[in-house]
Amino acid sequence: DAALVWLRRDLRLDDHAALHHALRSAKKVWCAFIFDTTILDALPRADRRVEFIHHGIVELDGLLRAHGSGLIVRHGDPLQEIPAIAGALGVQAVHINRDYEPAAVARDAQVRGALAHAGIALHSHKDQVIFETDEILTMAGSPFSVFTPYKNAWLKKLDGYYLRAYPVQRHIGALAPVPAALDRGVPTLNDLDFLPTDMAARLHPGASGGATLLLDFLERIDRYADTRDFPAIKGPSYLSVHLRFGTVSIRQLARLAHERMVGGSRGAEVWLSELIWRDFYHQILHHHPRVVTHCYKPEYEALRWEHGKHAEQLFAAWCEGRTGYPIIDAAMLQLNRTGYMHNRLRMVVASFLTKDLGIDWRRGEAYFALQLNDYDLAANNGGWQWAASTGCDAQPYFRIFNPISQSLRFDAEGRFIRRYLPQLADLSRAAIHAPWQAKPLELQAAGVKLGRDYPMPVVEHAEARELTLARFAAVKGAA
Ligand code: FAD
């Protein structure tokens with residue numbers, strides 16, 4: 001009659017499936033979080049995401065203590081720690097919210113086995129998405145690989161049941177005091193061997209931060225369809241990092257968006273569609289875990305990406321924002337400095353890496369995985385394979401973004417570029433998108449010497465475009 005809730009990417013206490021079910025079914029409930037050494041050891045010593053999680057854990061511990069309980073926190077391997085805590089507490093069941101990443105699925109299966117050994121059940125719940133795994137299938141019973149029909153089926157199936165919150169308040173009294181022998185408090189960031197970052201200055205951490213961002217976004221949601229593509233303006237919600245760590249509930253977001261959509265808000269309709277993309281990529285990863293390392297479309301495995309010293313130099317220029325294309329460089333500097341990149345720019349820089357520089361999407365994906373605060377395997381892999389044309393329902397390979405036209409369309413005044421590349425600030429709006437095409441006099445007047453203040457372009461777009469068409473044609477021809 002006692003249960004343990006093992007928190008992972010669901011760092012909140014309200015509308016929480018695992019906690020709801022544990023509280024309803026057991027008389028005594030505890031919550032635990034493990035700083036997983038397998039994950040943490042692979043990260044750089046200063047990582048905003050670790051600090052974001054740490055902040056969320058401190059907040060949760062405080063809330064649980066206010067309820068007379070507390071969070072049991074460990075730094076180690078969940079395979080050992082969870083059965084040890086569950087055994088020491090004498091619980092009959094451990095509750096988790098399902099995680100769909102292949103590594104997490106494998107870990108959870110191992111933990112389930114270890115718990116079973118001790119006669120403890122592991123109950124898993126859907127919490128992270130609205131529809132999971134096999135809940136949305138085609139008429140023929142197979143998974144969707146194209147977004148629009150998936151979205152239509154998703155919207156058709158949606159009803160109040162799927163949007164309903166999992167309340168925790170009613171049975172909150174079941175939260176039990178943590179036995180002194182198990183209560184070690186929350187380790188400091190230093191204990192975890194991590195250095196502080198600028199996280200708190202950049203993000204609004206914790207469930208409280210997620211709630212603040214949501215309120216702010218609801219003021220703007222009706223304009224989302226018109227503003228979301230322009231990186232210089234505050235169009236999107238900035239909630240991705242909260243969705244990643246579960247400091248907001250996807251049901252709450254989808255419910256609010258759906259209500260407003262039904263009320264006639266075009267912005268809410270488009271935003272809900274983005275949340276559906278999130279579910280879509282999660283189910284792709286579930287049904288096709290090979291996409292983690294392989295192209296969704298197998299024929300593209302034969303693509304011959306650029307290799308060697310020159311390709312490495314180009315890759316470094318892309319990572320460091322030195323390609324000579326201002327929109328690309330400003331976007332990469334945004335990523336490197338803040339850990340965020342606007343969605344439009346993610347598409348543009350991913351296209352540039354794969355189609356202008358001819359570099360394997362897996363390199364870019366891995367770089368994003370390291371840098372993004374909101375890094376999520378399903379969405380990141382989906383986004384990269386979309387841009388590289390290797391994915392399901394991807395951009396066709398012959399549709400190659402022109403970085404200059406994208407810049408003109410989505411940052412017409414160059415406001416975003418000027419923010420990250422102050423050395424180009426005095427260029428006119430006509431010159432800022434492609435400085436090497438500007439008249440020497442204009443460059444001189446703006447105090448810009450190409451090669452000194454800002455690089456010449458590392459590739460010529462028209463030429464690169466031809467190379468990419470040939471790269472794909474070679475594979476198509478062979479098929
Ligand atoms: P909003 O515009 O407010 O969107 C709301 C939410 O919808 C997002 O928080 C996100 O959860 C979801 N969403 C929006 N667009 C997508 C999408 N295309 N696919 C899946 N979910 C989406 N998103 C991540 O969360 N993590 C990633 O690692 C990630 N990597 C990406 C890589 C590439 C190459 C591309 C093209 C896109 C990637 N995205 C990723 C999707 C998208 O760019 C971000 O979700 C979005 O920019 C986050 O900002 P926001 O919360 O302000 O978005």
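Residues numbered from 1 in each chain as written. Predicted model: local features only at pLDDT ≥ 70, side-chain atom pairs only at ≥ 80, totals over all residues.

Undergrad: Summarise the overall build of the protein; cite the residues concerned and give the values.
TA: The secondary structure content of the protein amounts to 22 helices and 5 strands. For 479 residues, the compact-globule estimate of 2.2 N^0.38 gives 23 Å, and the protein sits close to it at 24 Å. Considered along the principal axes of its C-alpha atoms, the protein spans approximately 75 × 50 × 50 Å. A buried classification covers 45% of the 479 residues belonging to the protein. (Helix = DSSP H or I, 4+ residues; strand = E, 2+ residues; numbered from the N terminus. Rg over C-alpha atoms; globule rule 2.2 N^0.38 Å. Buried ≥ 20, exposed ≤ 12 C-beta atoms within 10 Å, placed from the backbone.)

Undergrad: Lay out the nonpolar core in plain terms, naming residues and giving numbers.
TA: In this structure, L4, V5, V29, A32, A86 and V94 are the most contacted members of the largest nonpolar core, which totals 51 residues. The element best represented in this core is strand 2 (residues 28–36), accounting for 7 residues. A domain split of this core shows at least three residues from each of domain 1 (1–127) and domain 2 (129–165 + 206–287). By size, the runner-up hydrophobic cluster in this structure holds 37 residues, among which are M332, L353, W384 and I417. (Core = buried A, V, L, I, M, F, W, Y, C linked by C-beta atoms within 7 Å. Domains from an automatic or database assignment.)

Undergrad: An account of the UniProt feature "domain: Photolyase/cryptochrome alpha/beta" (unreviewed entry) in the protein is needed here, citing residue identities and associated values.
TA: Under the UniProt annotation, "domain: Photolyase/cryptochrome alpha/beta" (unreviewed entry) lies at residues 1–130. The span residues 1–130 is 46% helical and 24% strand by assignment, and the distance between its end C-alpha atoms comes to 29 Å. (UniProt positions renumbered as here; feature names shortened; annotations may be inferred.)

Undergrad: I'd like a rundown of helix 4 (residues 78–89), residues and numbers included.
TA: For helix 4, spanning 12 residues, the distance from its first C-alpha to its last is 16 Å, which sits close to the expected 16 Å at 1.5 Å a residue. Among the residues of helix 4, P78, E81, I82, P83, I85, A86 and L89 are the ones counted as buried. Of the surrounding secondary structure, the elements contacted by the buried residues of helix 4 are strand 1 (2–7), strand 2, strand 3 (71–76), strand 4 (93–97) and helix 5 (102–117). Two residues or fewer past helix 4, G90 is found with a positive phi of approximately 70°. (Expected span 1.5 Å × (residues − 1). Contact = placed C-beta atoms within 7 Å.)

Undergrad: Tell me about the domain arrangement of the protein, and please be specific about residues and values.
TA: How big an interface is tends to be stated in terms of the accessible area lost upon association of its parts. Structurally, the protein comprises domain 1 (1–127), domain 2 (129–165 + 206–287) and domain 3 (298–478). Averaged C-alpha coordinates put domain 1 and domain 2 at centres separated by 25 Å. On the domain 2 side, the residues contacting the 13 residues of domain 1 number 17 residues.

Undergrad: Please give an account of the site of the ligand that cites residues and values.
TA: For the ligand, the set of nearby residues contains 28 residues, the closest of which are P236, S237, S240, N380 and G383. The dominant element in the shell around the ligand, judged by the number of residues it contributes, is helix 18 (residues 377–388), at 6 residues. Looking at the shell around the ligand residue by residue, the class counts come to 15 nonpolar, 6 polar and 7 charged. The two domains that each donate at least three residues to the shell around the ligand are domain 2 (129–165 + 206–287) and domain 3 (298–478). (Near = placed C-beta within 6 Å. Nonpolar A, V, L, I, M, F, W, Y, C, P; charged D, E, K, R; others polar.)

Undergrad: Kindly report on helix 12 (residues 250–262), identifying the contributing residues and their values.
TA: In this model helix 12 runs 18 Å from its N-terminal to its C-terminal C-alpha over 13 residues, within 8% of the 18 Å that 1.5 Å per residue would give. Residues I250, L253, A254, R255, A257 and H258 constitute the buried set of helix 12. In the core, the buried residues of helix 12 are packed alongside helix 7 (160–163), helix 11 (240–245) and helix 13 (266–287). Backbone geometry just after helix 12 places G264 at a positive phi near 100°.

Undergrad: Tell me about the packing of helix 15 (residues 326–338) against helix 16 (residues 343–356), and please be specific about residues and values.
TA: In the contact formed by helix 15 and helix 16, the axes pass within 10 Å of each other and the chain directions differ by 115°. Taken as a pair, helix 15 and helix 16 cross one another with a handedness that is left-handed. Residues I327, I328, A331 and M332 of helix 15 pack against L345, V348, V349 and F352 of helix 16. Counted by class, the contact of helix 15 with helix 16 contains 8 nonpolar, no polar and no charged residues. (Axes fitted to C-alpha atoms, helices over the stretch in contact; angles between N-to-C directions. Left-handed = near helix turned anticlockwise from the far one by under 90°.)

Undergrad: I'd like a rundown of the packing of helix 15 against helix 19 (residues 403–410), residues and numbers included.
TA: As a packed pair, helix 15 and helix 19 sit with axes 8 Å apart at the nearest point and diverge in direction by 70°. What the angle tells us is that helix 15 and helix 19 run roughly perpendicular. Contacts between helix 15 and helix 19 involve P326, I327 and I328 from the former and P403, Q406 and S407 from the latter. Of the residues assigned to the contact of helix 15 with helix 19, the class counts are 4 nonpolar, 2 polar and no charged. (Parallel < 35°, antiparallel > 145°, perpendicular 65-115°, else oblique.)

Undergrad: Please give an account of unusual backbone geometry that cites residues and values.
TA: Although it is not a glycine, S389 sits at a positive phi angle of roughly 70°. By the secondary structure assignment, S389 is in the loop between helix 18 and helix 19. A positive phi angle, close to 45°, is found at D393, a residue other than glycine.

Undergrad: I'd love a proper account of the sheet that holds strand 5 (residues 121–125), names of residues and values included.
TA: The strand order 3-2-1-4-5 describes an open sheet built from 5 strands, whose pairing is parallel. Of all strands in the sheet, those bounded by a partner on one side alone are strand 3 and strand 5. Mean inter-strand twist for the sheet, computed between neighbouring axes without regard to direction, equals 25°. Where strand 2 meets strand 3, 6 bridges bridge the pair, whose relative direction is parallel. Counterpart to A32 in the pairing with strand 3 is I72. Along the sheet face, helix 3 (residues 48–66) touches strand 2 and strand 3 and points at about 150° away from the line of strand 3. (Pairing = 2+ DSSP bridges.)

Undergrad: Got a sec to walk through the confidence of the model for the protein? Specific residues and values, please.
TA: With 100% of its residues at a pLDDT of at least 70, the protein reaches an overall mean of 97. Across the assembled chains, the prediction reports ipTM 0.99 with pTM 0.97. (pLDDT = per-residue confidence, 0-100.)

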